[in-house]
Amino acid sequence: MVAIETRDVRKRYGTLDALAGVSLDVREGEFFALLGPNGAGKTTLISTLAGLTSADSGGLSVMGFDVVKDYRQARRSLGIVPQEIVFDPFFSVRETLRFQAGYFGISRSAALDAWIDELLDNLSLLDKADKNMRQLSGGMKRRVLVAQALVHRPPVIVLDEPTAGVDVELRQTLWAFIRRLNQAGHTILLTTHYLEEAQQLCSRIAMMKRGAIVAMDTTDHLLNAFSERVLRVIISGELPPPLVAQRTKQSGAWHCFSINDYAEVEPLLAQMRMQRVAIQKMEVTEPDLEEVFLKVMSR
Amino acid sequence: MIGFQTLLLKEILRFWKVGFQTVAAPVLTAILYLLIFSHVMSGTNAAFPGVSYEQFLIPGLAMMSMLQNAFANTSSSLIQSKITGNILFILLPPLSHWNFYFAYVLAAIVRALVVGAGVFLVGLVMAHIPVHNGAWILIFALLGSAMLGAMGMIAGLWADKFDQLAAFQNFIIMPLTFLSGVFYSIHSLPSSWQLLSHFNPFFYLIDGFRFGFFGKSDVSVWLSFGVTTFAFLCLSAVTLALLKSGYKLRQ
């Protein structure tokens, strides 16, 4: 089943095409990344999905529910962690979460309180449950936003740059938790500027530029298509001519050789030994999403 | 229904948690008005025979406090949520425009009634206040606070900044309340001002409210009821239309 579907969604602000016909499907249970530079339209797309912005044309649905016609069902199916840190200064963490559940039609019960405790525990916030929101640090407030998005148990979770300003340790805790949710069957849509996070977590990636999707494929396919594994060496002296012919790139003192897999490393090294090349430094770099991203964006 | 109840509870707790500022302070302000005006004006002829100035003033002050606080409740809640961004929390859930309208307006009524009751109780200590017809008192209290609650929603939705809201309050709400006959009977005014007062819906709220206490009023209580009900329905229709369209809430 398709968890998130957008069909030729368009939105203009004056002369700016914030969304210039975006079509994408996120399947149920996927961990999907939406990447792109600032102003590419990621947040606008999320806003139209959440009903905060209305599209000029095109259709959007969440778990098969149209976000305009079946807005109640669509919103119940969706949990959104916003990019900006916002909070209600009048209430404690626990009150905030109880209210948020209530807005979604969940009345107070022992089961809800247990779920709130579980959420807080998973986000390392249990000891802050009865603190007023104002007393929390930025990173804590952001984690409360995550809990707020999850409190009504939505099948689809959208995280709009959830780790901006969160320290490394908490980032790991957060991802471990989101991963567990994904394994439990939740669909996750993520936007982030930390590309290594997207590479590690997401099975499929869409890249946006100026309101349009410019690349969309599985993470593996994108990495294979736009990035490569490279053996690179720094040697003393000049690289002998036969090896120069095989070299794919030279960057600074590094001589780079593209390889498809590790089986190609030994023959290359054997050649170097034969040519009496003295290696000072050596490493193998894996394909990485940053390279993919830069290539796709510069096309 | 739970969504609506939660929003209502949140709106009530929002002012109750800062009750010193939202309930105690307006009651104190009303007491100060009462002390000063009743001192300055003592001995002057009141509007109705057999009613002292103090007696005349207390219901007017109670209504004025209710109106101002009903307006303040919805307008400040909306503008704060808009400016801090936490309005998002109620835009993401499946709440309808009816849910929004009733939750905000009912919370405004609750605050207005608490403040009004506070002013009235203090007034009881200072003067004997008769109750001619409790039903009219309640009807006008509810109509007045609901009407200003709706007006506050319109202002809160429209304003992008606190100073715009302050302008709405200072240039529309304040003149309308002060020129509505809180402190005097409009019969004491020159005829042109009397005429003008008849275009002020707040005048009818206060006049009808006073009728509930004294059984006497400047205009027929039924006229007051009709005018204020009409004004309330118009303001509610505008509020609901703005909420439904997502005016300044959803782009």
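Residue positions are given per chain, counting from 1 as you read along its sequence in written order. Chain letters start at A and ligand numbers start at 1, both assigned in the order the entries are written. With the structure being a predicted model, the display of local features is reserved for residues of pLDDT at least 70 and the display and counting of side-chain atom pairs for 80 or more, all residues being used for whole-chain, interface and lining totals. Side-chain metrics in this entry use all non-hydrogen atoms of the structure; hydrogen atoms and water are not considered.

Caption draft 1: Representation of the overall build of chain B within the structure. Comment: elements are numbered from the N terminus, with helices defined as DSSP H or I runs of at least four residues and strands as E runs of at least two. Counting its regular elements, chain B contains 10 helices and zero strands. Relative to the 2.2 N^0.38 estimate, which gives 18 Å for 251 residues, the radius of gyration of chain B is 18 Å and therefore close to what a compact globule would have. For chain B, the C-alpha atoms occupy an extent of roughly 60 × 35 × 35 Å along the three principal directions. Burial classes follow relative accessibility: with a 1.4 Å probe on protein chains only, a residue under 20% of its type's maximum area counts as buried, one over 50% as exposed, and anything between as partly exposed. In chain B, which comprises 251 residues, the share counted as buried stands at 55%. Of all intrachain contacts in chain B linking residues separated by at least 6 positions in sequence, the fraction that spans at least 24 positions is 81%. With an accessible surface of roughly 10,500 Å², chain B has 72% of that area assigned to carbon and sulfur atoms. Atoms counted for the radius of gyration: C-alpha only. Globule rule: 2.2 Å times residue count to the power 0.38. The contact criterion used is simple: two residues touch if any of their non-hydrogen atoms lie within 4.5 Å. Note that accessible areas follow from Shrake-Rupley with a 1.4 Å probe, and for residues the cover is restricted to the protein chains shown.

Caption draft 2: Summary view of the sheet that holds strand E14 (residues 278–285) of chain A. All names here are of chain A. A strand pair is defined by DSSP finding two or more bridges across the two strands. Spatial strand order, E12-E13-E11-E14: four strands in an open sheet with antiparallel pairing. A single partner strand is all that each edge strand has here, and the edge strands are strand E12 (249–251) and E14. If you compare each strand with its neighbour and ignore which way they point, the axes differ by 25 degrees on average. Here three bridges tie E12 to strand E13 (residues 254–259), and the two strands are oriented antiparallel to one another. Looking at the pairing, Ser251 lines up with Trp254 of E13. For every element, the axis is a line fit to its C-alpha atoms; helices are fit only across the contacting stretch, and the angle between N-to-C directions ranges from 0 to 180 degrees. Contacts from helix H10 (residues 265–274) reach strand E11 (229–236), E13 and E14 within the one sheet, and its direction differs from that of E13 by about 140 degrees.

Caption draft 3: Region of the structure containing unusual backbone geometry. The backbone phi angle of Arg153(A) is positive, close to 50 degrees, even though this residue is not glycine. Along the chain, the position of Arg153(A) falls in the loop between helix H5 (138–150) and strand E7 (156–160). We classify Arg153(A) as exposed; its relative accessible area is 51%. With phi around 60 degrees, Lys248(B) is a residue other than glycine that occupies positive phi space.

Caption draft 4: Representation of a nonpolar patch on the surface in the model. All names here are of chain B. Patch membership requires over 30% relative accessible area and the absence of a salt bridge. Like charges are linked within 9 Å, and nonpolar side chains (Val, Leu, Ile, Met, Phe, Trp, Tyr) within 5 Å. Throughout this description, the term salt bridge denotes a Lys or Arg side-chain nitrogen within 4 Å of a carboxyl oxygen of Asp or Glu. The grouping of Leu28, Leu32, Leu35, Ile36 and Val40 at the surface amounts to a nonpolar patch, some 480 Å² of accessible area in total. With respect to the helices and strands, the residue Leu35 is situated in helix H2 (residues 19–41). Owing to a relative accessible area of 43%, Leu35 belongs among the partly exposed residues under this scheme.

Caption draft 5: Highlighting the nonpolar core. Leu35(A), Ile178(A), Met207(A), Leu289(A), Leu148(B) and Phe209(B) are the most contacted members of the largest nonpolar core, which totals 161 residues. Leave out the neighbours within four places in its chain, and Leu289(A) touches Leu35(A), Leu195(A), Ala198(A), Gln199(A), Ile205(A), Met207(A) and Leu223(A). One finds Leu231(A), Phe257(A), Ile259(A) and Leu269(A) within the second-largest nonpolar core, a separate group that totals 12 residues. Buried Ala, Val, Leu, Ile, Met, Phe, Trp, Tyr and Cys residues form a nonpolar core when they are joined through side-chain atoms within 4.5 Å.

Caption draft 6: Highlighting the domain arrangement of chain A. Domain boundaries in chain A define domain 1 (2–92 + 149–224) and domain 2 (229–287). Of note, the centres of domain 1 of chain A and domain 2 of chain A, computed from C-alpha atoms alone, are 41 Å apart. Residue ranges assigned to each domain were obtained from an automatic or database domain assignment.

Caption draft 7: Spotlight on the environment of Phe213(B). Residues and elements named next belong to chain B. Within the fold, Phe213 resides in helix H9 (residues 201–214). Its relative accessible area of 3% is what places Phe213 among the buried residues. Spatially, the C-alpha atoms of Phe213 and Gln55 are 9.4 Å apart, while their sequence positions differ by 158 residues. In contact with Phe213, not counting residues within four places along its chain, are Pro59, Phe120, Ile129, Pro130, Val131, His132 and Ile137.

Caption draft 8: Examining the interface of chain A and chain B more closely. Counting residues at the interface gives 30 residues for chain A, matched by 27 residues for chain B. Of the roughly 2,500 Å² buried between chain A and chain B, counting both surfaces, carbon and sulfur atoms make up 65%. What counts as buried area is the accessible surface, traced by a 1.4 Å probe, that two parts surrender upon association, with contributions from both included. The largest contributions to the chain A side of the interface with chain B come from Leu52(A), Phe90(A) and Tyr103(A), which together make up 31% of the buried area. The interface formed by chain A and chain B holds one salt bridge in total. For the salt bridge of Glu95(A) with Lys17(B), the shortest nitrogen-to-oxygen distance reads 2.9 Å. Definition of a polar contact: a pair of N or O atoms within 3.5 Å, with one able to donate and the other able to accept a hydrogen when the atoms are protein atoms, and with sequence-neighbouring residues admitted only if both atoms are side-chain atoms. Where chain A touches chain B, the interface holds 14 residue pairs in polar contact (both at pLDDT 80 or more). Secondary-structure elements contributing two or more residues to the side of chain A that touches chain B are strand E1 (2–13), helix H2 (71–76), helix H3 (93–103) and H5 of chain A. Examining the composition of the side of chain A that touches chain B, we find that five residues originate from one element, H3(A), more than from any other. In the scheme used here, Gly and all other residues not listed as nonpolar or charged are polar, with Ala, Val, Leu, Ile, Met, Phe, Trp, Tyr, Cys and Pro taken as nonpolar and Asp, Glu, Lys and Arg as charged. Its residues placed into classes, the side of chain A that touches chain B shows 16 nonpolar, eight polar and six charged.

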